[in-house]
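The residues making up each chain are set out below.
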Amino acid sequence: MKYFNLYYVVAFVMGIGIFIFNHFMTSETVFFFGFAENKETEINFNYPVVVDEIMVIPGQEVEIGTPLLKLKRVKPKERMEDHDFQIEELSAKARQWQREKMGEQALLESKRKLKVLEFETELNKLEEERRFKEGLYKDLKSIDSSNLTYTPISDKIESLEKQKQLSLKNIDLEIKNIQEEIKLGMNPFQVEIRRLEAEHVFEQNNKVVEVELKAPAKGVIGNIYCKRAEHIPSFKTLMIFYEPNPTQVKGYIHEDQILEVGLADSLIIRSTKDEDIYCKGRVNGLGSRIVEIPERLRKIPDLKTYGREILVSIPSNNNFLQKEKVGLEIIE
């Protein structure tokens, strides 16, 4: 009688097991697990608020427009003080601009007086020269002084008069321009001062503004991260708001099957608790790297496996629960 060799029996059983495992993991039907997710909205403000009243509780279902929170928007004291500081700083610059313009005007007026004096001095010299020459011939009877001309000197006087008028005209125009700038309030800092003053008045009139936060859509209240009378800084989350039904499934496909799935592929998503609950979905996102598949979504939980993250959009009129485990199968 022959005895079976126990070694061969164990090897045969292990071979069968490996074959079944490989067949199970790389079956032609692309099947993997995921979980349903509701669209999550973090509610916050881009300015500080004080919580007056919380009108809902976590897990509460609400309709669109349902009051969630009563808040007060409080303008920070630092902002008000900053306005005052900026206005004071610009006012100092505006006064400096005014002084500089007045100084420019005074310099131009002094320049004008100096120019007048220079031209008058030169003209007086020419006039004296002409009178001197006229006097030389006045008492000489042998020379008819009426026939004498002093054209060169007269031409110089006439030319100098024109230079004087042109030079003074240019200076007068510069003075007039400066006077107009001052008169018309063309101080570049005054425009900014008026803007800040108007903004400051508005801020003072709206220092405290009451705000009632309402549900943006039908949904479910998640965690609430504030309490009554609490001062909440800008951008801090006040509460989480979920849509009533999942609109997305996040799944993980085994690394040996990643080439079987592409963007826009259609899938059947089915509840692992009730096979009668299912819907169609479409792939709208693929992970960019291989990651460890979460234990909950592994076909064999105790065996570490790796794969690619898949995002699938599903219709909102489904009966899946938030974070419910579902199976995903590609439609051939």
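In this text, all values refer to a predicted model and were calculated from it rather than measured experimentally.

Undergrad: Before we move on, could you go through the overall build of the chain and cite the residues and values that matter?
TA: Within the chain one finds four helices and 14 strands. Counted over contacts in the chain with a minimum sequence separation of 6, partners at least 24 positions apart contribute 78%.

Undergrad: How would you explain the sheet that holds strand S14 (residues 325-330) if you had to name every residue and give the values?
TA: Strand order in the closed barrel formed by six strands is S1-S10-S13-S12-S11-S14, and the pairing between neighbours is antiparallel. Averaged over all pairs of adjacent strands, the angle between their axes in this sheet comes to 40°, without regard to strand direction.

Undergrad: Let's hear about the pattern of salt bridges: which residues, and what values?
TA: Using the criterion set out here, one finds eleven salt bridges in the structure. In this structure, Lys 101 engages Glu 181 in a salt bridge whose closest nitrogen and oxygen atoms are separated by 3.5 Å. Of this pair, Lys 101 sits in helix H2 (residues 77-138) while Glu 181 is found in helix H3 (residues 151-183), placing the two residues 80 residues apart along the sequence. On the basis of relative accessibility, which here comes to 13%, the residue Lys 101 falls in the buried class. Here Glu 292 and Arg 298 are joined by a salt bridge, their closest N and O atoms 2.6 Å apart. The class of Glu 292 is partly exposed, set by a relative accessible area of 37%.

Undergrad: Explain the sheet that holds strand S9 (residues 239-242) residue by residue, including any values.
TA: In space, the four strands of this open sheet follow the order S2-S9-S7-S4, with antiparallel pairing throughout. Two strands in the sheet have a free side with no partner beyond their single neighbour: strand S2 (40-43) and strand S4 (61-62). With two bridges connecting them, S4 and strand S7 (residues 219-224) associate as antiparallel partners. Bridge assignment links Glu 61 to a residue of S7, and that residue is Val 220.

Undergrad: Tell me about empty space enclosed by the protein, and please be specific about residues and values.
TA: As enumerated under the stated definition, the model contains one cavity of 30 Å³ or more in all. Taken as a whole, the largest cavity spans an internal volume of roughly 90 Å³. In terms of lining residues, the largest cavity is bounded by twelve residues, among which Ile 293, Leu 297, Arg 298, Lys 299 and Thr 305 are the most central. In terms of residue count, the dominant contributor to the lining of the largest cavity is strand S10 (residues 248-254) (three residues). Here the lining of the largest cavity is built from residues that sort into eight nonpolar, two polar and two charged.

Undergrad: How would you explain the side chain of Lys 250 if you had to name every residue and give the values?
TA: Mapped onto the fold, Lys 250 is located in strand S10. Nearest to the buried, unbridged Lys 250 among oppositely charged side chains is Glu 309, at 4.1 Å. Setting aside its immediate chain neighbours within four residues, Lys 250 contacts Gly 34, Phe 35, Glu 37, Leu 297, Glu 309, Ile 310 and Leu 311.

Undergrad: I'd like a rundown of the packing of aromatic side chains, residues and numbers included.
TA: Summed over all chains, the structure comprises two aromatic pairs. With a centroid separation of 5.3 Å and 80° between ring planes, the pair formed by Phe 31 and Phe 33 is classed as edge-to-face. You can call Phe 31 partly exposed: its relative accessible area is 29%. When the centroid spacing of 5.4 Å and the interplanar angle of 45° are considered together, the rings of Phe 45 and Tyr 47 count as tilted. Judged on exposure class, the residue Phe 45 and its partner Tyr 47 are both buried. Against the face of Tyr 47 rests Arg 73, its NZ or CZ located 3.9 Å from the ring centre. Here the basic side chain of Arg 270 rests over the ring of Tyr 278, its NZ or CZ set 4.7 Å away from the ring centre.

Undergrad: So, the nonpolar core: which residues are in play, and what are the values?
TA: Of all hydrophobic cores here, the largest spans 19 residues; its most connected members are Phe 45, Leu 68, Leu 69 and Leu 71. Mapped by element, the contributors of at least two residues to this core are strand S3 (49-54), strand S5 (67-74), strand S6 (208-214) and S9. By residue number, the principal contributor to this core is S5, which donates three residues. Residues within four places of Phe 45 in sequence aside, it is in contact with Leu 71, Val 211, Leu 213, Ser 234, Phe 235 and Leu 238. Val 249, Ile 253, Val 312 and Val 326 belong to the second largest nonpolar core, which has 17 residues in total.

Undergrad: Tell me about the environment of Val 62, residues and numbers included.
TA: Along the chain, Val 62 turns up in strand S4. When its relative accessible area of 3% is taken as the criterion, Val 62 is described as buried. Each C-alpha atom, one on Val 62 and one on Glu 243, is 9.8 Å from the other, the two residues being 181 residues apart in sequence. Among residues more than four places away in sequence, those in contact with Val 62 are Val 56, Leu 68, Ala 215, Ala 217, Lys 218, Gly 219, Ile 221 and Phe 241.

Each value, and the rule that gives it
- Residues numbered from 1 in each chain as written.
- Predicted model: local features only at pLDDT ≥ 70, side-chain atom pairs only at ≥ 80, totals over all residues.
- Heavy atoms only, no water.
- Helix = DSSP H or I, 4+ residues; strand = E, 2+ residues; numbered from the N terminus.
- Contact = heavy atoms within 4.5 Å.
- Pairing = 2+ DSSP bridges.
- Axes fitted to C-alpha atoms, helices over the stretch in contact; angles between N-to-C directions.
- Salt bridge = Lys/Arg side-chain N within 4 Å of Asp/Glu carboxyl O.
- Buried < 20%, exposed > 50% of the residue type's maximum accessible area, 1.4 Å probe, protein only.
- 1 Å grid on protein atoms, 1.4 Å probe; cavity = no way out; pocket = protein on both sides within 12 Å on 5 of 7 lines; lining within 4 Å.
- Points joined across faces, edges and corners; volume = space filled by probe spheres on them.
- Nonpolar A, V, L, I, M, F, W, Y, C, P; charged D, E, K, R; others polar.
- Lys, Arg positive; Asp, Glu negative; His and termini not counted.
- Phe/Tyr/Trp six-rings, centres within 6.5 Å; stacked < 30°, edge-to-face > 60°.
- Lys NZ or Arg CZ within 6 Å of the ring centre and 35° of its normal.
- Core = buried A, V, L, I, M, F, W, Y, C linked by side-chain atoms within 4.5 Å.

Everything listed here is a matter of coordinates, which is why it stays silent on function.
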